[in-house]
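Architecture and fold: a report
The lines below spell out each chain.
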Amino acid sequence: AQSVTQPDIHITVSEGASLELRCNYSYGATPYLFWYVQSPGQGLQLLLKYFSGDTLVQGIKGFEAEFKRSQSSFNLRKPSVHWSDAAEYFCAVVFNAGKSTFGDGTTLTVKP
Amino acid sequence: NAGVTQTPKFQVLKTGQSMTLQCAQDMNHEYMSWYRQDPGMGLRLIHYSVGAGITDQGEVPNGYNVSRSTTEDFPLRLLSAAPSQTSVYFCASSNPSGGLNTEAFFGQGTRLTVV
């Protein structure tokens, strides 16, 4: 079955530290891959996306993600976290056009 | 450019009441979806539509109905509300052309409480 896994429910990092949020998917082919961010009480905002080409993609707010086919992973990274990055992050894949499947989310807390 | 608009933002229902959550998009997207978001469970697909007049069930369709009479609108109906339907509901739309245009655009959500 097609699935998306975010292994970390909650991550805490210090402001200025680097960040990596993990995402793995299970699918027979390469899906379209997305990372979204959700601030409290808000909808989801797209951070970045990948569907082909360069496996390292750049997004908004200084985020990047790397697609690794051999590991079925699409991990999100940021070199230096800011307090405003505290939010919930969702990895999503589109296996069939128009239907997004989401991971359970990772909540990021940023310590001063 | 309004994007995806959901109404209402908040709603409290009594068990057994019915109501319709509204969703409208102005991007001429073919695909529209409804998700519910519960703590620790991410977003789960309720129903989706690939175009006007076409709908299908998602992962958790029971207790919900949808229709798609126009490209712009995709209302979600709760037939007889139950406390288990207390959740935050998100409507999303996307373009079926694929590739970079496959991302979903989300509304701001409707927070529903069933008492």
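Looking now at the environment of Val4 of chain A. Residues and elements named next belong to chain A. Examined against the element boundaries, Val4 turns out to sit in strand S1 (residues 3-5). Val4 sits 91 residues away from Phe95 along the chain, and the two C-alpha atoms are 11 Å apart. Contact partners of Val4, with chain neighbours within four places excluded, come to Cys23, Asn24, Tyr25, Cys91, Val93, Phe95, Thr101, Phe102 and Gly103.

Bringing the sheet that holds strand S3 (residues 19-25) of chain B into the picture now. Residues and elements named next belong to chain B. The strand order across the open sheet formed by four strands is S1-S3-S8-S7, and the pairing between neighbours is antiparallel. A strand with exactly one partner marks an edge of an open sheet, and here the two such strands are strand S1 (4-7) and strand S7 (64-66). When the angles between neighbouring strand axes are averaged without regard to direction, this sheet yields 20°. The pairing of S7 with strand S8 (residues 76-78) spans three bridges and is classified as antiparallel. Along S8, the bridge assignment pairs Val66 with Leu76.

Residue and element names in this part refer to chain A. By size, the foremost hydrophobic cluster in this structure holds 27 residues, and its most contacted members are Trp35, Leu48, Phe74, Leu76 and Tyr89. Within the residue set of this core, elements represented by two or more residues are strand S2 (10-14), strand S3 (19-21), strand S5 (32-38), strand S6 (44-50), strand S8 (64-68), strand S9 (73-78), strand S10 (87-96) and strand S12 (106-111). In terms of residue count, S10 provides more of this core than any other element does, five residues in total. Setting aside its immediate chain neighbours within four residues, Leu76 contacts Leu19, Glu20, Leu21, Trp35, Leu47, Leu48, Phe63, Glu64, Ala65 and Tyr89.

Applying the stated rule across the entire model yields 14 aromatic pairs over all chains. Summarising the aromatic geometry, the rings of Tyr36 of chain A and Phe102 of chain A are spaced 5.8 Å apart at their centres and angled 45° between planes, so their arrangement reads as tilted. Taken together, the positions of Tyr36 of chain A in strand S5 and Phe102 of chain A in strand S11 (residues 99-102) put the pair 66 residues apart, joining distant regions of the chain. By relative accessible area, which is 6% here, Phe102 of chain A ends up buried. Here a set of aromatic residues connected by ring pairs shows up, and it is made of Phe34, Tyr36, Phe90 and Phe102 of chain A together with Tyr35, Phe90 and Phe106 of chain B. Directly above the aromatic system of Phe74 of chain B lies the positively charged group of Arg68 of chain B, at a separation of 5.9 Å from the ring centroid.

Quick look at unusual backbone geometry now. In this model, Thr7 of chain B is joined to Pro8 of chain B through a cis peptide bond whose omega is -5°. Considering the arrangement of structural elements, one finds Pro8 of chain B in the loop between S1 and strand S2 (10-13). The residue Lys61 of chain A is not glycine, and still its phi comes out positive at about 60°. Looking at the secondary structure, you find Lys61 of chain A in the loop between strand S7 (56-58) and S8. Judged by its relative accessible area of 46%, Lys61 of chain A is partly exposed. Notably, Ser72 of chain A is not glycine yet its phi reads approximately 50°, a positive angle. For Ser72 of chain A, the position within the fold is in the loop between S8 and S9. Given the relative accessible area of 23%, Ser72 of chain A is considered partly exposed.

Rules used throughout
- Residues numbered from 1 in each chain as written.
- Chains lettered and ligands numbered in written order.
- Predicted model: local features only at pLDDT ≥ 70, side-chain atom pairs only at ≥ 80, totals over all residues.
- Heavy atoms only, no water.
- Helix = DSSP H or I, 4+ residues; strand = E, 2+ residues; numbered from the N terminus.
- Contact = heavy atoms within 4.5 Å.
- Pairing = 2+ DSSP bridges.
- Axes fitted to C-alpha atoms, helices over the stretch in contact; angles between N-to-C directions.
- Core = buried A, V, L, I, M, F, W, Y, C linked by side-chain atoms within 4.5 Å.
- Buried < 20%, exposed > 50% of the residue type's maximum accessible area, 1.4 Å probe, protein only.
- Phe/Tyr/Trp six-rings, centres within 6.5 Å; stacked < 30°, edge-to-face > 60°.
- Lys NZ or Arg CZ within 6 Å of the ring centre and 35° of its normal.

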